[in-house]
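Architecture and fold: a report
Read off the chains here:
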Amino acid sequence: MRIPAVFLTGLLLMGLAGALGAARDALADGSPPTELTPVYPENFACGPITSLFGSMTDLDHSRRSEPHVGIDLGNRGDVVIAPADGVIRAIWRVEHGWGDDWNVLLLHAPADLNLPGQAVVYFTEFDHLRRDDIAHLTVGARVRRGDRIGVVRHPGNNAQFRAEVHLEVYEVPANRQDEMTWHTDGGFRYWVNHAARLIDPLSLLAQHQREIVDGHVEIVPYHATGDYRAFRGFIYPLSCPNE
Ligand SMILES: [Zn+2]
């Protein structure tokens, strides 16, 4: 769930595939390009990842028209949290034609993720949020890992869709991060940065691991009392109640 087919058609017709085009090429064979799969911790009730990056199957088990450009997570009511420190880059409303959603975009510098170098930054986009749930957020404000972003709801507040938050992550050359343009197609508002490269969010969730064995990514839930000064990458972007 995320992008109406009409939007994709419009995007391609307008030649604005920049941000998504490379990923779509990489995903064109319909198989997940990274083959990363989550492994959930024992003793925590983490809302699940319900659709992986590159998947051709939507939550209702119908076939997608395009490979999935992000991951879908959560059960209705799960709290969505910042997976790392960052800055709120944008907040915007999206009209899908079947109900409106609000999206939030975070910007993470490598230092926010304890990753080396300064050549790239990361954008994390959260879709299908409710306005009331994100009223506390302000563009330009700094967020800390674990801060509340919103709540998992039905997309468009429309109960015919399974509740989810859709998450996309982009790697962007740091010196081109401001090359962002905004477009509206029907009520569908979206950003384009031609230098942005879509990546599997699980690849940042895997950064804390010494190595990835069989594509397994160990999900690390956020702890309010945790010490993350040396933690690399993303914690799980949903709060996970301790069972
Ligand atoms: Zn999705």
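Heads up: the structure comes first, above all this text.
Numbering of residues starts from 1 in every chain and runs along the sequence as written. With pLDDT at 70 or above as the cut-off, local features in this predicted model cover only qualifying residues; side-chain atom pairs require 80 or more to be listed or tallied, and sums for whole chains, interfaces and linings still use all residues.

Looking only at helices and strands, the protein chain features three helices and 14 strands. Whether two residues are in contact depends on their C-beta atoms, placed from the backbone: they are in contact if these lie within 7 Å. Taking contacts inside the protein chain between residues at least 6 apart in sequence as the whole, the part at least 24 apart equals 69%. Secondary structure elements are defined from DSSP: runs of H or I of at least 4 residues count as helices, runs of E of at least 2 residues count as strands, and each element is numbered from the N terminus.

Here we take up the environment of Val 69. Secondary-structure assignment places Val 69 in the loop between strand S2 (49-51) and strand S3 (71-73). C-alpha separation for the pair Val 69 and Leu 52, spaced 17 residues apart in sequence, amounts to 8.8 Å.

Ranked by internal contacts, the top residues of the largest apolar core, which has 47 residues, are Val 104, Leu 205 and Tyr 236. For this core, the elements supplying multiple residues, two or more each, are S3, strand S4 (79-81), strand S6 (100-108), strand S7 (120-129), strand S10 (165-173) and helix H3 (201-205). Nonpolar core, as used here: buried Ala, Val, Leu, Ile, Met, Phe, Trp, Tyr and Cys residues forming one set through C-beta atoms within 7 Å. Burial in this document is a count-based property: other C-beta atoms within 10 Å of a residue's C-beta are tallied, and the residue is buried at 20 or more, exposed at 12 or fewer, or partly exposed in between, with C-beta positions derived from the backbone.

Positive phi, close to 75°, is recorded for Asn 43, a residue that is not glycine. Within the secondary structure, Asn 43 is located in the loop between strand S1 (37-39) and S2. Not every positive phi belongs to a glycine, and Asn 114 is a case in point at roughly 55°.

What follows covers the pairing of S10. The buried fraction of S10 amounts to seven of the nine residues, a majority that puts the element mostly inside the structure. Two strands pair if DSSP finds at least two bridges between them. Pairing between S3 and S10: three bridges, direction antiparallel. Within the sheet, the bridge partner assigned to Ile 71 lies in S10 and is Leu 167. Across eight bridges, S7 lies against S10 in antiparallel orientation. Note that in S10 the partner of Val 120 across the bridge is Pro 173. Note that S10 and strand S13 (residues 197-199) share three bridges and pair antiparallel.

Attention now moves to the pairing of S6. Extensive coverage of S6 is indicated by the burial of seven of its nine residues. Here strand S5 (residues 86-95) pairs with S6 via eight bridges, running antiparallel. Considered in S6, the bridge of Ala 90 is made with Leu 105. The antiparallel hairpin formed by S5 and S6 contains four residues in its connecting segment, where Gly 97 sits at a positive phi of about 95°. Bridge count between S6 and S7: six bridges; the pairing is antiparallel. The residue of S7 that forms the bridge with His 108 is Tyr 122.

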